Amino acid sequence: FIAKPCAINLGIQDSGPHRAQPNAILEKVFTSITKSPDGKRLEGLSKQLDWDVRKIQRWFRHRRNQDKPTTLTKFCESMWRFTFYLSIFFYGIRFLWTAPWFWDTRQCWYNYPFQPLTSRLYYYYILELAFYWSLMFSQFTDIKRKDFLIMFVHHLATIGLITFSYMNNMVRVGTLVLCLHDASDFLLEAAKLANYAKYQRLCDAFFMLFGVVFIVTRLGIYPFWILNTTLFESWELIGPYPSWWLFNGLLVTLQVLHVIWSYLIIRTASKALVRGKVSKDDRSDVESSSEEEDVTSNSTKGILSSSSNGSNRLNGHVAGGQWTGE
């Protein structure tokens, strides 16, 4: 109700990729046998239809793309996530600004585990948990990506961490982790929105800001603020509590992922600055031919220009020159 009118006002059309020309034989093969025929089947269809093999390959590519989401659909999805991430981040900052453990992390462990669960803290936690549960379920109905399994595991792990910390009453340090991770997510979605609306300079600016915030929070604040209190201050104040090893093991694993993602973000940004364009996004949800890629890659500029396949690099955090889920 809100995102779609915004997209239309920005000139985003509700039109999908190029549609394949009607062909009963190829349509039957596509729906009944295979969506990606092998070489032998392509040769047979070529003789049967008197079509060139490349023309048949192009037909199947266009036919597969017909089922892919439009730019308008992706814009609406990103706008919803941008709205949530921005709202929950400011809610978290407003709540934590008056919390004593925000300024002194040792407060996370004083009188642990007998710490009161205030209503504001409860709502902050339950909102975050509800959102990640919604992501878990909506993955099956939202835009399908090639990193579906990775994102599924990520959401599962996130829900596990939130639930685990809540059950063990580690909500104070948990709120710090949640707020820290929300700091860059809305910038990523903002860059996606600008990319869909074809405001390339704005998209590049948001991405660069996202990269800076991501690296500062995940490689600076997280290890020296969060891990310092969970690894050392907690040990000093309350000793090796039963879940210390598991909890810190999960948090350290998260830090390893932060390092990998930060490296790949820097590498992608540096390549884009040097070349003035980005390479093809292999995890895209829309396919394209080699000819189309050559033409588009020579014409698209900017750090996060849309690739020839109609997608972009802003679905999640970058990995191997491709965008994967955080």
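Conventions and cut-offs
- Residues numbered from 1 in each chain as written.
- Predicted model: local features only at pLDDT ≥ 70, side-chain atom pairs only at ≥ 80, totals over all residues.
- Heavy atoms only, no water.
- UniProt positions renumbered as here; feature names shortened; annotations may be inferred.
- Helix = DSSP H or I, 4+ residues; strand = E, 2+ residues; numbered from the N terminus.
- pLDDT = per-residue confidence, 0-100.
- Contact = heavy atoms within 4.5 Å.
- Axes fitted to C-alpha atoms, helices over the stretch in contact; angles between N-to-C directions.
- Parallel < 35°, antiparallel > 145°, perpendicular 65-115°, else oblique.
- Left-handed = near helix turned anticlockwise from the far one by under 90°.
- Nonpolar A, V, L, I, M, F, W, Y, C, P; charged D, E, K, R; others polar.
- Salt bridge = Lys/Arg side-chain N within 4 Å of Asp/Glu carboxyl O.
- Buried < 20%, exposed > 50% of the residue type's maximum accessible area, 1.4 Å probe, protein only.
- Core = buried A, V, L, I, M, F, W, Y, C linked by side-chain atoms within 4.5 Å.
- Phe/Tyr/Trp six-rings, centres within 6.5 Å; stacked < 30°, edge-to-face > 60°.
- Lys NZ or Arg CZ within 6 Å of the ring centre and 35° of its normal.
- Patch = residues over 30% accessible without salt bridge, like charges linked within 9 Å, V, L, I, M, F, W, Y side chains within 5 Å.
- Areas by Shrake-Rupley, 256 points an atom, 1.4 Å probe, with all protein chains shown as cover.
- Polar contact = N/O pair within 3.5 Å; in protein donor to acceptor, adjacent residues only side chain to side chain.

1. Looking at the UniProt feature "transmembrane region" (unreviewed entry) in the chain
Phase 1: Sites flagged by UniProt as "transmembrane region" (unreviewed entry) map to residues 82-102, 122-141, 148-167, 206-225 and 245-266.
Phase 2: Helix makes up 100% of residues 206-225 and strand 0%, with an end-to-end C-alpha separation of 26 Å.
Phase 3: For the annotated span residues 245-266, helix accounts for 100% and strand for 0% of the residues, and the straight-line distance between the end C-alpha atoms is 32 Å.

2. Some remarks on the confidence of the model for the chain
Phase 1: Per-residue pLDDT for the chain has a mean of 78; in total, 79% of the residues score no lower than 70.
Phase 2: In this model residues 278-284 is a low-confidence stretch, pLDDT under 50, and it forms 30 contacts with partners more than four residues away in sequence or in other chains.

3. Looking at the packing of helix 5 (residues 71-97) against helix 7 (residues 119-138)
In a pair of packed helices, the angle between the axes and the distance between the axes together describe the arrangement.
Phase 1: Two elements in contact, helix 5 and helix 7, have axes whose closest approach is 11 Å; the angle formed by their N-to-C orientations is 160 degrees. Viewed along their axes, helix 5 and helix 7 adopt a mutual orientation that is roughly antiparallel. Along this stretch, helix 5 crosses helix 7, giving a crossing that reads as left-handed. Residues Trp80, Arg81, Phe84, Tyr85, Ile88, Tyr91, Gly92, Arg94 and Phe95 of helix 5 touch helix 7, and the partners they reach there are Arg120, Leu121, Tyr123, Tyr124, Leu127, Glu128, Phe131, Tyr132 and Leu135.
Phase 2: Considering only residue class, the contact of helix 5 with helix 7 consists of 13 nonpolar, one polar and four charged.

4. Considerations on the packing of helix 2 (residues 24-32) against helix 3 (residues 39-49)
Phase 1: Contact geometry of helix 2 with helix 3 gives a least axis separation of 11 Å together with a crossing angle of 160 degrees. Of the possible angle classes, the one that applies to helix 2 and helix 3 is roughly antiparallel. In this structure, helix 2 crosses over helix 3, and the sense of that crossing is right-handed. Of the residues in helix 3, those in contact with Ile25, Leu26 and Val29 of helix 2 are Arg41, Leu45, Gln48 and Leu49.
Phase 2: When the residues that make up the contact of helix 2 with helix 3 are grouped by side-chain class, the tally is five nonpolar, one polar and one charged.

5. Comments concerning the pattern of salt bridges
Here the idea is simple: oppositely charged side chains can pair when their charged atoms come close.
Phase 1: Enumeration according to the criterion identifies four salt bridges in this entry.
Phase 2: Of the charged contacts in the structure, one is a salt bridge between arginine 81 and glutamate 77, with a shortest N-O distance of 3.8 Å. Taken together, the positions of arginine 81 and glutamate 77, both in helix 5 and four residues apart, correspond to about one turn of that helix.
Phase 3: The class of glutamate 77 is buried, set by a relative accessible area of 12%.
Phase 4: With a closest N to O distance of 3.9 Å, arginine 218 and aspartate 185 form a salt bridge. Of this pair, arginine 218 sits in helix 10 (residues 200-238) while aspartate 185 sits in helix 9 (residues 171-196), and the two are 33 residues apart along the sequence. Each member of the pair, arginine 218 together with aspartate 185, is buried.

6. Details of the nonpolar core
Nonpolar side chains in soluble globular proteins tend to end up buried together.
Phase 1: Ranked by internal contacts, the top residues of the largest apolar core, which has 49 residues, are Leu96 and Trp101.
Phase 2: Those elements giving two or more residues to this core turn out to be helix 5, helix 6 (100-103), helix 7, helix 8 (148-167), helix 9, helix 10 and helix 11 (244-275).
Phase 3: Per-element tally for this core: the top contributor is helix 9, with 11 residues.
Phase 4: With residues up to four places along the chain from it excluded, the contact list for tryptophan 101 reads Phe95, Leu96, Gln107, Cys108, Leu121, Arg172, Thr175 and Leu176.
Phase 5: Within the second largest apolar cluster, 10 residues are counted, among which are Leu42, Leu45, Leu49 and Phe60.

7. Remarks on the packing of aromatic side chains
Phase 1: Applying the stated rule across the entire model yields 25 aromatic pairs.
Phase 2: Relative to tyrosine 85, the ring of phenylalanine 84 lies with its centre 6.1 Å away and its plane at 65 degrees, an arrangement referred to as edge-to-face.
Phase 3: Take tyrosine 85: its relative accessible area is 8%, and that puts it in the buried class.
Phase 4: A ring pair is formed by tyrosine 125 and tyrosine 166, whose centres lie 6.0 Å apart and whose planes are at 35 degrees; its orientation type is tilted. On the criterion of sequence distance, the pair formed by tyrosine 125 in helix 7 and tyrosine 166 in helix 8 is long-range, its members being 41 residues apart.
Phase 5: Residue class for tyrosine 166 comes out partly exposed when judged on its relative accessible area of 33%.
Phase 6: Above the face of the tryptophan 51 ring, lysine 55 is positioned so that its terminal group lies 4.3 Å from the ring centre.

8. Quick notes on a nonpolar patch on the surface
Phase 1: There is a patch of nonpolar side chains on the surface, built from Leu117, Tyr122, Tyr123, Ile126, Leu127, Tyr166 and Met167 and spanning about 670 Å² of accessible area.
Phase 2: Going through the elements one at a time, helix 7 and helix 8 are the ones with two or more residues in the nonpolar patch.
Phase 3: It is helix 7 that provides the largest number of residues to the nonpolar patch, a total of four residues.
Phase 4: Along the chain, isoleucine 126 turns up in helix 7.
Phase 5: For isoleucine 126, a relative accessible area of 34% puts it in the partly exposed group.

9. What to know about the side chain of serine 46
Phase 1: Structurally, the position occupied by serine 46 is in helix 3.
Phase 2: For serine 46, the side chain forms a polar contact with the main-chain oxygen of tryptophan 51, separated by 2.4 Å.
Phase 3: Other than its neighbours up to four places away in sequence, serine 46 contacts Trp51, Asp52, Val53 and Ile56.

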